[in-house]
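Architecture at a glance
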Amino acid sequence: MPPLDPTAATTLPQWIGRRAQQHGQRVAVTFVDVDGDQQTWSYGELWRRACVVAARLPSNEVPGSRALLLFPPGIDFLAGFLGCQSAGWTPGPTCYPKVGREMPRLDSAAEDCTPSALVSTQTTIDSLAWDKMCEAARSIPRIVTDVDSDEIS
């Protein structure tokens, strides 16, 4: 095993940030949906979106605060996940619910991990049946991750 470079990135967000600086235009990730449509982000775009999410998380929380991540299948999850990690939050991925239905897995996660925020897209937040959620899930602040194009310029 080769020796470790002490200047190398030690966390995933640090590694993505370094790749964004060194190779910002290279493809970082491509998501292909069930219809074959593709969405691709470069390292630079992934990093900028993650930084926007990190900036939206309350900074007055204690280090290691937990956030529930609630995303449909797609590339936006990565920005939410990396944004939480970059801000010092612990991301907790949850099962994506069907629109308008009860969400026992989300309820269970909200009760078990006592999150400080629910992180998702605006469309997802708007589609949730808040009246069918437990109090622990209903009461946590919601952080929207959708990024306007002027925010990632």
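The preceding data block contains the structure.
**Some points on the pattern of salt bridges**
- All chains considered together, the criterion is met by two salt bridges.
- Here Arg49 and Glu45 are joined by a salt bridge, their closest N and O atoms 3.0 Å apart. Here Arg49 and its partner Glu45 are both found in helix 2 (residues 43-56), four residues apart, which amounts to about one turn of the helix.
- Looking at Arg49, the relative accessible area reads 15%, which means it is buried.
- Under the relative-accessibility criterion, Glu45 is labelled buried at 19%.

**Side note on the nonpolar core**
- Core analysis: the largest hydrophobic core is formed by 20 residues, its most contacted members being Trp41, Leu57, Cys84, Trp89 and Val119.
- Looking at this core, the elements that each hand over two or more residues are helix 1 (12-23), helix 2, strand 3 (66-70), helix 3 (76-86) and strand 5 (117-120).
- Counting residues in hydrophobic clusters, the runner-up holds 13 residues, among them Leu68, Ala110, Leu128 and Cys134.

**Some words on the packing of helix 2 against helix 3**
- Direction vectors running N to C along helix 2 and helix 3 enclose 60°, while the axes themselves pass 7 Å from each other. In terms of axis orientation, helix 2 runs oblique to helix 3. By crossing handedness, the relation of helix 2 to helix 3 is classed as right-handed. Residue-level inspection shows Leu46, Trp47, Arg49, Ala50, Val53 and Ala54 of helix 2 in contact with helix 3, the latter providing Leu78, Ala79, Gly80, Leu82, Gly83 and Ser86.
- Residue composition of the contact of helix 2 with helix 3, by class: eight nonpolar, three polar and one charged.

**Topic: the side chain of Ser120**
- If you trace the backbone, Ser120 turns up in strand 5.
- Residues contacting Ser120, with those up to four places away along its chain left out, are Leu70, Phe71, Ile125, Ile143, Val144, Thr145 and Asp146.

**Describing the sheet that holds strand 6 (residues 142-144)**
- The strand order across the open sheet built from four strands is 4-3-5-6, with neighbouring strands paired in parallel fashion. Strands with a single pairing partner mark the edges of an open sheet, and in this sheet they are strand 4 (90-93) and strand 6. Shown here is a sheet whose adjacent strand axes are inclined to one another by a mean of 30°, direction ignored.
- Sheet topology note: the strand 3/strand 5 ladder contains four bridges and is parallel. Within strand 5, the position partnered with Ala67 by the bridge is Ala117.

**Structural notes on the packing of aromatic side chains**
- Under the criterion given, the structure shown has three aromatic pairs.
- Taking the centre distance of 6.0 Å and the plane angle of 75° together, the rings of Trp15 and Tyr43 count as edge-to-face. With Trp15 in helix 1 and Tyr43 in helix 2, this residue pair connects regions lying 28 residues apart in the sequence.
- On the basis of relative accessibility, which here comes to 9%, the residue Tyr43 falls in the buried class.
- These aromatic residues form a ring-pair network of at least three members: Phe71, Phe77 and Phe81.
- We note Arg19 situated over the ring of Tyr43; from NZ or CZ to the ring centre the distance is 5.0 Å.
- Sitting over the ring of Trp130, Arg142 keeps its end group 3.5 Å from the ring centre.

Scoring rules and cut-offs
- Residues numbered from 1 in each chain as written.
- Predicted model: local features only at pLDDT ≥ 70, side-chain atom pairs only at ≥ 80, totals over all residues.
- Heavy atoms only, no water.
- Salt bridge = Lys/Arg side-chain N within 4 Å of Asp/Glu carboxyl O.
- Helix = DSSP H or I, 4+ residues; strand = E, 2+ residues; numbered from the N terminus.
- Buried < 20%, exposed > 50% of the residue type's maximum accessible area, 1.4 Å probe, protein only.
- Core = buried A, V, L, I, M, F, W, Y, C linked by side-chain atoms within 4.5 Å.
- Axes fitted to C-alpha atoms, helices over the stretch in contact; angles between N-to-C directions.
- Parallel < 35°, antiparallel > 145°, perpendicular 65-115°, else oblique.
- Left-handed = near helix turned anticlockwise from the far one by under 90°.
- Contact = heavy atoms within 4.5 Å.
- Nonpolar A, V, L, I, M, F, W, Y, C, P; charged D, E, K, R; others polar.
- Pairing = 2+ DSSP bridges.
- Phe/Tyr/Trp six-rings, centres within 6.5 Å; stacked < 30°, edge-to-face > 60°.
- Lys NZ or Arg CZ within 6 Å of the ring centre and 35° of its normal.

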